[in-house]
Amino acid sequence: MERKTFWNEAAQWGALVGGLLSLSFVLENWMTTSGRMGLYYLMMLEWIAVVVLHFWLLLRFVRKRSALYGADEGFTFGQGYGSVMAVSCFAGVIVGVVQAVYLHLIVGYSNYVERTIAAMTDLLSKSGSQMPASVEGMVAQSFEQLRMAPVPSVLQSVWSGLFSALLFGAIFGLIIAAIAARAPKPFDNANGSNDGVAE
(Lines give C-alpha, C1' and ligand atoms only; values in the text may rest on other atoms or scores of the structure.)
Protein backbone atom coordinates (compact mmCIF):
# COMPACT_ATOMS: atom_id res chain seq x y z
CA MET A 1 0.00 0.00 0.00
CA GLU A 2 2.84 2.37 0.93
CA ARG A 3 4.56 1.55 -2.39
CA LYS A 4 1.38 2.38 -4.33
CA THR A 5 0.98 5.65 -2.42
CA PHE A 6 4.59 6.58 -3.19
CA TRP A 7 4.15 6.12 -6.94
CA ASN A 8 0.83 7.99 -6.92
CA GLU A 9 2.42 10.94 -5.14
CA ALA A 10 5.51 10.80 -7.34
CA ALA A 11 3.25 10.94 -10.42
CA GLN A 12 1.34 13.94 -9.01
CA TRP A 13 4.49 15.88 -8.18
CA GLY A 14 6.00 14.76 -11.50
CA ALA A 15 3.00 16.28 -13.28
CA LEU A 16 3.62 19.57 -11.41
CA VAL A 17 7.32 19.64 -12.27
CA GLY A 18 6.61 18.48 -15.82
CA GLY A 19 4.03 21.22 -16.30
CA LEU A 20 6.50 23.84 -15.07
CA LEU A 21 9.31 22.61 -17.34
CA SER A 22 6.96 22.27 -20.33
CA LEU A 23 5.72 25.83 -19.92
CA SER A 24 9.33 26.99 -19.63
CA PHE A 25 10.25 25.11 -22.82
CA VAL A 26 7.43 26.73 -24.82
CA LEU A 27 8.19 30.21 -23.44
CA GLU A 28 11.93 29.94 -24.09
CA ASN A 29 11.36 28.77 -27.66
CA TRP A 30 8.96 31.62 -28.30
CA MET A 31 11.48 34.09 -26.88
CA THR A 32 14.31 32.56 -28.93
CA THR A 33 12.43 32.87 -32.21
CA SER A 34 11.22 36.41 -31.44
CA GLY A 35 14.59 37.97 -32.25
CA ARG A 36 14.00 40.67 -29.61
CA MET A 37 16.94 41.47 -27.35
CA GLY A 38 14.70 42.46 -24.41
CA LEU A 39 13.14 38.99 -24.43
CA TYR A 40 16.59 37.37 -24.40
CA TYR A 41 17.39 39.18 -21.14
CA LEU A 42 13.97 38.16 -19.80
CA MET A 43 14.67 34.56 -20.82
CA MET A 44 17.76 34.48 -18.58
CA LEU A 45 15.68 35.65 -15.60
CA GLU A 46 12.95 33.15 -16.48
CA TRP A 47 15.49 30.31 -16.63
CA ILE A 48 16.86 31.18 -13.16
CA ALA A 49 13.32 31.36 -11.73
CA VAL A 50 12.41 27.97 -13.23
CA VAL A 51 15.58 26.34 -11.86
CA VAL A 52 14.84 27.66 -8.35
CA LEU A 53 11.16 26.61 -8.50
CA HIS A 54 12.12 23.21 -9.91
CA PHE A 55 14.53 22.64 -7.01
CA TRP A 56 11.94 23.83 -4.46
CA LEU A 57 9.22 21.48 -5.77
CA LEU A 58 11.55 18.48 -5.60
CA LEU A 59 12.69 19.46 -2.09
CA ARG A 60 9.07 19.79 -0.91
CA PHE A 61 8.21 16.33 -2.19
CA VAL A 62 11.21 14.72 -0.50
CA ARG A 63 10.50 16.53 2.79
CA LYS A 64 6.89 15.35 2.60
CA ARG A 65 8.12 11.78 2.14
CA SER A 66 10.67 12.18 4.93
CA ALA A 67 7.96 13.32 7.36
CA LEU A 68 6.25 9.92 6.98
CA TYR A 69 9.21 8.20 8.64
CA GLY A 70 9.62 8.47 12.41
CA ALA A 71 12.83 9.20 14.28
CA ASP A 72 13.37 5.47 14.93
CA GLU A 73 13.30 4.71 11.16
CA GLY A 74 15.22 7.69 9.86
CA PHE A 75 15.31 8.67 6.20
CA THR A 76 18.28 7.53 4.13
CA PHE A 77 20.14 9.36 1.38
CA GLY A 78 19.05 6.61 -1.01
CA GLN A 79 15.37 7.11 -0.18
CA GLY A 80 15.67 10.85 -0.82
CA TYR A 81 17.60 10.40 -4.05
CA GLY A 82 15.19 7.74 -5.30
CA SER A 83 12.25 10.03 -4.57
CA VAL A 84 13.79 12.85 -6.63
CA MET A 85 14.55 10.53 -9.55
CA ALA A 86 11.03 9.05 -9.52
CA VAL A 87 9.46 12.52 -9.75
CA SER A 88 12.00 13.53 -12.41
CA CYS A 89 11.15 10.48 -14.49
CA PHE A 90 7.44 11.31 -14.55
CA ALA A 91 8.23 14.98 -15.25
CA GLY A 92 10.61 14.03 -18.06
CA VAL A 93 7.98 11.97 -19.87
CA ILE A 94 5.58 14.94 -19.77
CA VAL A 95 8.24 17.39 -20.98
CA GLY A 96 9.31 15.00 -23.74
CA VAL A 97 5.77 14.58 -25.02
CA VAL A 98 5.18 18.37 -24.94
CA GLN A 99 8.46 18.96 -26.82
CA ALA A 100 7.51 16.40 -29.48
CA VAL A 101 4.01 17.84 -29.93
CA TYR A 102 5.26 21.44 -30.00
CA LEU A 103 8.16 20.87 -32.42
CA HIS A 104 6.55 18.34 -34.75
CA LEU A 105 2.83 19.15 -34.72
CA ILE A 106 2.32 22.76 -33.59
CA VAL A 107 5.33 24.60 -35.06
CA GLY A 108 6.85 22.05 -37.41
CA TYR A 109 10.54 21.27 -37.03
CA SER A 110 11.76 22.82 -40.29
CA ASN A 111 9.70 25.95 -39.59
CA TYR A 112 11.19 26.08 -36.08
CA VAL A 113 14.75 25.89 -37.50
CA GLU A 114 14.07 28.63 -40.08
CA ARG A 115 12.50 30.90 -37.47
CA THR A 116 15.45 30.39 -35.12
CA ILE A 117 17.96 31.17 -37.88
CA ALA A 118 15.97 34.24 -38.95
CA ALA A 119 15.81 35.51 -35.36
CA MET A 120 19.56 35.00 -34.83
CA THR A 121 20.38 36.69 -38.16
CA ASP A 122 18.15 39.65 -37.32
CA LEU A 123 19.70 39.92 -33.85
CA LEU A 124 23.24 39.90 -35.26
CA SER A 125 22.37 42.57 -37.82
CA LYS A 126 20.88 44.79 -35.09
CA SER A 127 23.96 44.50 -32.88
CA GLY A 128 25.66 47.21 -34.96
CA SER A 129 29.14 45.72 -34.66
CA GLN A 130 30.83 44.41 -37.80
CA MET A 131 31.90 40.80 -37.47
CA PRO A 132 35.21 39.66 -38.95
CA ALA A 133 34.80 37.75 -42.21
CA SER A 134 36.05 34.52 -40.59
CA VAL A 135 33.47 34.75 -37.77
CA GLU A 136 30.71 35.63 -40.22
CA GLY A 137 31.66 32.58 -42.30
CA MET A 138 31.54 30.34 -39.22
CA VAL A 139 28.10 31.67 -38.27
CA ALA A 140 26.79 31.11 -41.79
CA GLN A 141 28.24 27.58 -41.79
CA SER A 142 26.63 26.76 -38.43
CA PHE A 143 23.26 27.99 -39.73
CA GLU A 144 23.65 25.80 -42.81
CA GLN A 145 24.54 22.79 -40.68
CA LEU A 146 21.41 23.44 -38.61
CA ARG A 147 19.32 23.47 -41.80
CA MET A 148 20.91 20.27 -43.12
CA ALA A 149 20.76 18.36 -39.82
CA PRO A 150 18.35 15.39 -39.90
CA VAL A 151 14.96 16.04 -38.36
CA PRO A 152 14.78 14.29 -34.97
CA SER A 153 12.09 11.67 -34.64
CA VAL A 154 9.21 12.00 -32.20
CA LEU A 155 10.90 9.41 -29.96
CA GLN A 156 14.16 11.38 -30.02
CA SER A 157 12.27 14.52 -28.99
CA VAL A 158 10.59 12.64 -26.14
CA TRP A 159 13.95 11.18 -25.05
CA SER A 160 15.50 14.67 -25.13
CA GLY A 161 12.91 15.96 -22.64
CA LEU A 162 13.22 12.87 -20.44
CA PHE A 163 17.03 13.04 -20.43
CA SER A 164 16.99 16.75 -19.52
CA ALA A 165 14.63 16.21 -16.56
CA LEU A 166 16.62 13.20 -15.35
CA LEU A 167 19.89 15.13 -15.61
CA PHE A 168 18.53 17.99 -13.48
CA GLY A 169 17.04 15.42 -11.09
CA ALA A 170 20.37 13.61 -10.78
CA ILE A 171 22.16 16.86 -9.89
CA PHE A 172 19.43 18.29 -7.63
CA GLY A 173 18.94 14.88 -6.03
CA LEU A 174 22.46 14.88 -4.59
CA ILE A 175 21.78 18.13 -2.74
CA ILE A 176 18.19 17.40 -1.74
CA ALA A 177 18.93 13.86 -0.51
CA ALA A 178 21.82 15.20 1.59
CA ILE A 179 19.53 17.85 3.12
CA ALA A 180 16.68 15.41 3.88
CA ALA A 181 18.73 12.44 5.11
CA ARG A 182 18.25 11.54 8.79
CA ALA A 183 19.97 8.76 10.71
CA PRO A 184 17.66 6.48 12.75
CA LYS A 185 17.30 7.55 16.40
CA PRO A 186 15.37 4.72 18.10
CA PHE A 187 15.97 6.07 21.60
CA ASP A 188 14.23 9.39 20.83
CA ASN A 189 10.82 7.68 20.73
CA ALA A 190 11.65 5.68 23.85
CA ASN A 191 12.59 8.84 25.72
CA GLY A 192 9.44 10.53 24.52
CA SER A 193 7.26 7.68 25.81
CA ASN A 194 9.07 7.60 29.17
CA ASP A 195 8.55 11.33 29.57
CA GLY A 196 4.87 10.80 28.91
CA VAL A 197 4.62 8.14 31.64
CA ALA A 198 6.45 10.35 34.13
CA GLU A 199 3.96 13.12 33.60
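Up top you'll find the structure we're talking about.
Everything quoted here is computed from the prediction, not taken from an experiment. (Residues numbered from 1 in each chain as written. Predicted model: local features only at pLDDT ≥ 70, side-chain atom pairs only at ≥ 80, totals over all residues. Heavy atoms only, no water.)

K.L.:
Quick question: what am I supposed to make of the environment of Gly14 here?
P.N.:
Along the polypeptide, Gly14 turns up in helix H1 (residues 2–34). For Gly14, a relative accessible area of 0% translates into the label buried. The spatial distance from the C-alpha of Gly14 to the C-alpha of Phe61 is 9.7 Å, given a sequence separation of 47 residues. Residues in contact with Gly14, not counting those within four places in the same chain, are Val87, Phe90, Ala91 and Ile94. (Helix = DSSP H or I, 4+ residues; strand = E, 2+ residues; numbered from the N terminus. Buried < 20%, exposed > 50% of the residue type's maximum accessible area, 1.4 Å probe, protein only. Contact = heavy atoms within 4.5 Å.)

K.L.:
How should I be thinking about the side chain of Ser66 in this particular structure?
P.N.:
Relative to the assigned elements, Ser66 resides in helix H2 (residues 37–66). Among residues more than four places away in sequence, those in contact with Ser66 are Phe75, Ala180 and Arg182.

K.L.:
Got a minute to help me understand the packing of aromatic side chains in this structure?
P.N.:
Each pair of aromatic rings is reported with the distance of its centres and the angle of its planes. Applying the stated criterion across every chain yields a total of eleven aromatic pairs. Centre to centre, the rings of Phe6 and Phe61 are 6.3 Å apart; their planes meet at 45 degrees, and the pair counts as tilted. In this pair, Phe6 is assigned in helix H1 and Phe61 in helix H2, connecting sequence segments 55 residues apart. Here the two residues Phe6 and Phe61 agree in accessibility, since each one is buried. With 5.9 Å between their ring centres and 45 degrees between their planes, Trp159 and Phe163 make a pair best called tilted. Of this pair, Trp159 and Phe163 both sit in helix H6 (residues 154–180), separated by four residues, roughly a single helical turn. (Phe/Tyr/Trp six-rings, centres within 6.5 Å; stacked < 30°, edge-to-face > 60°.)

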